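# Structure assessment
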Amino acid sequence: MTRFESNASKYGVNEGLILTKLEESVVVIGGKSYVFGMNKYDWVPLPLSEWEEAFPFLTGYQIQRALKSLEKQGALEIENRNKSKMLKTLSYRLVKDAA
């Protein structure tokens, strides 16, 4: 069973797509490289527009719903880590024991 198939059967298809992409050691989204699950970039800030570029076949609503689902299922942490609460870009971190 592939990593995607394992994630999809555990979390759902859209959630599996997103989680599999995040589990890669280096993820390129919006022309920027991010490292998930490693000490270098534990929390990665990503606006919804960059998620939409990475997954053009999913709507913004589907992406938001999948991210919230992954958070609820304990695979992903989501937090607004901006110093100014006026900024709404959320930060994401993989939960190391979930995958």
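One numbering rule holds for all chains: residues counted from 1, following each sequence as written. Per-residue local features are limited, in this predicted model, to residues with pLDDT of at least 70; the limit for side-chain atom pairs, both in listing and counting, is 80 or more; totals at the level of whole chains, interfaces and linings are taken over all residues. Note: side-chain values were computed over all heavy atoms of the structure, leaving out hydrogens and water.

### Some points on the pattern of salt bridges
The working definition used for a salt bridge is a side-chain nitrogen of Lys or Arg within 4 Å of a carboxyl oxygen of Asp or Glu. For the structure shown, the criterion picks out three salt bridges. Between Lys68 and Glu71 there is a salt bridge, with its nearest N and O atoms 3.5 Å apart. Within this pair, Lys68 and its partner Glu71 are both found in helix H4 (residues 60-72), separated by three residues, close to a single helical turn. By relative accessible area, Lys68 is classed as partly exposed at 47%. Ionic pairing is found between Arg81 and Glu79, a salt bridge with its closest N-O pair at 2.9 Å. Helix and strand definitions here come from DSSP, where helices need a minimum of 4 consecutive H or I residues and strands a minimum of 2 consecutive E residues; each element is numbered from the N-terminal end. Partly exposed describes any residue whose relative accessible area lies between the buried limit of under 20% and the exposed limit of over 50%, with all areas from a 1.4 Å probe on protein chains only and scaled to the type maximum.

### Regarding the packing of aromatic side chains
Aromatic pairing here means that ring centres of Phe, Tyr or Trp (its six-membered ring) are within 6.5 Å. Orientation follows from the plane angle: under 30 degrees is stacked, over 60 is edge-to-face, and everything else is tilted. Within this structure, the stated rule accounts for three aromatic pairs. Ring centres 6.4 Å apart and planes at 15 degrees place the aromatic pair Trp51 and Phe55 in the stacked group. Note on Trp51 and Tyr92: the rings are 5.1 Å apart at their centroids and 85 degrees apart in plane angle, and the pair reads as edge-to-face. Highlighted residues: Trp51 in helix H3 (residues 48-54) and Tyr92 in strand S5 (residues 91-94), separated in sequence by 41 residues. Take Trp51 and Tyr92: they sit in the same class, and that class is buried. Ring pairing ties together the aromatic residues Trp51, Phe55, Phe57 and Tyr92, which thus form one cluster.

### Examining helix H2 (residues 13-23)
An α-helical turn contains 3.6 residues, so a residue and the one three or four places further along point in the same direction. In terms of burial, H2 is largely enclosed, as eight of its 11 residues are buried. Of the positions making up H2, those classed as buried are Asn14, Glu15, Gly16, Ile18, Leu19, Thr20, Leu22 and Glu23.

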